[in-house]
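# A structural walkthrough
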Amino acid sequence: VLFVIDNSCSMSQEQEDLSASASKFARTLIGSDVDFQIGVITTDSPELRGPIVTPATTDIVGELESQFLVGTSGNPVEKGMDQAIATTSSGGAFSWDSGVLREDSFLTMIFVTDEPGDDIRDVLDYSDWFQ
């Protein structure tokens, strides 16, 4: 699961709400047999906000709560789809190279923003890339 969180100046409340919901999200995963890996990036950087969260993470909820609070000093030009491509591309932190994407895995992306993105490609180009 890749979370792409808008870190522009208008996102304080949305990030707080997301962080407060981390336990609900995590409980579902923790109680399952899913071998999950969760990463968090922002709409202006493909770099992970912290370590990959897995079933072996000591404090899954605390880690997610912390990582979901990405801050509000980011670029007001949100390019979340472009950052998602960058982090899942060869050499990216959430890619095949890093071992996060695996042959038997499903990539799920969750975008948290309060406005349309300013990405440079057409929506179909992004769809083709991720498929």
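Shown above is the structure to which this text applies.
This write-up is about the structure you can find in this document. (Residues numbered from 1 in each chain as written. Predicted model: local features only at pLDDT ≥ 70, side-chain atom pairs only at ≥ 80, totals over all residues. Heavy atoms only, no water.)

## Focus on the packing of helix H2 (residues 22-30) against helix H3 (residues 60-68)
Axis separation between H2 and H3 bottoms out at 9 Å; the angle between their running directions is 135°. The pairing of H2 with H3 is recorded here as oblique in orientation. The handedness of the crossing between H2 and H3 comes out as right-handed. In this structure, H2 uses Ala-22, Ser-23, Phe-25, Ala-26 and Ile-30 to contact H3, whose residues at the interface are Ile-60, Val-61, Leu-64, Glu-65 and Phe-68. Along the lines of polarity and charge, the residues of the contact of H2 with H3 split into eight nonpolar, one polar and one charged. (Axes fitted to C-alpha atoms, helices over the stretch in contact; angles between N-to-C directions. Helix = DSSP H or I, 4+ residues; strand = E, 2+ residues; numbered from the N terminus. Parallel < 35°, antiparallel > 145°, perpendicular 65-115°, else oblique. Left-handed = near helix turned anticlockwise from the far one by under 90°. Contact = heavy atoms within 4.5 Å. Nonpolar A, V, L, I, M, F, W, Y, C, P; charged D, E, K, R; others polar.)

## Some thoughts on the sheet that holds strand E1 (residues 2-5)
Here we have three strands laid out as an open sheet, ordered E2-E1-E3, and parallel in their pairing. The sheet is open, and its two edges are formed by strand E2 (39-42) and strand E3 (109-112), each paired on a single side. Averaged over all pairs of adjacent strands, the angle between strand axes in this sheet comes to 20°, irrespective of strand direction. Judged from the four bridges that link them, E1 and E3 form a sheet pairing that is parallel. Bridge pairing in E3 links Ile-5 to Val-112. (Pairing = 2+ DSSP bridges.)

## Observations concerning the packing of helix H4 (residues 80-88) against helix H5 (residues 123-130)
Their axes nearest at 11 Å, the elements H4 and H5 cross at an angle of 25°. Relative to H5, the element H4 lies roughly parallel. By crossing handedness, the relation of H4 to H5 is classed as left-handed. Seen from H4, the contacting residues are Met-81, Asp-82, Ala-84, Ile-85 and Thr-88; seen from H5, they are Tyr-126, Trp-129 and Phe-130.

## Digging into the nonpolar core
Ranked by internal contacts, the top residues of the largest apolar core, which has 17 residues, are Phe-3, Ile-5, Ile-38, Leu-64 and Phe-68. Those elements giving two or more residues to this core turn out to be E1, H2 and H3. Among residues more than four places away in sequence, those in contact with Ile-5 are Gln-15, Leu-18, Val-40, Ile-41, Thr-42, Thr-43, Phe-68, Val-70 and Val-112. Within the second largest apolar cluster, seven residues are counted, among which are Leu-2, Val-4, Ala-84 and Phe-94. (Core = buried A, V, L, I, M, F, W, Y, C linked by side-chain atoms within 4.5 Å. Buried < 20%, exposed > 50% of the residue type's maximum accessible area, 1.4 Å probe, protein only.)

## As for the pattern of salt bridges
This structure, assessed with the given rule, holds two salt bridges. Here Asp-35 makes a salt bridge to Arg-102, at a shortest N to O gap of 2.8 Å. Of this pair, Asp-35 sits in the loop between H2 and E2 while Arg-102 sits in the loop between H4 and E3; the two residues are 67 residues apart in sequence, bridging distant segments of the chain. Between Arg-121 and Asp-82 there is a salt bridge; the shortest N-O distance is 3.1 Å. Taken as a pair, Arg-121 in the loop between E3 and H5 and Asp-82 in helix H4 lie far apart in primary sequence, 39 residues in all. By relative accessible area, which is 39% here, Arg-121 ends up partly exposed. (Salt bridge = Lys/Arg side-chain N within 4 Å of Asp/Glu carboxyl O.)

These values are about where atoms sit, not about what they do.
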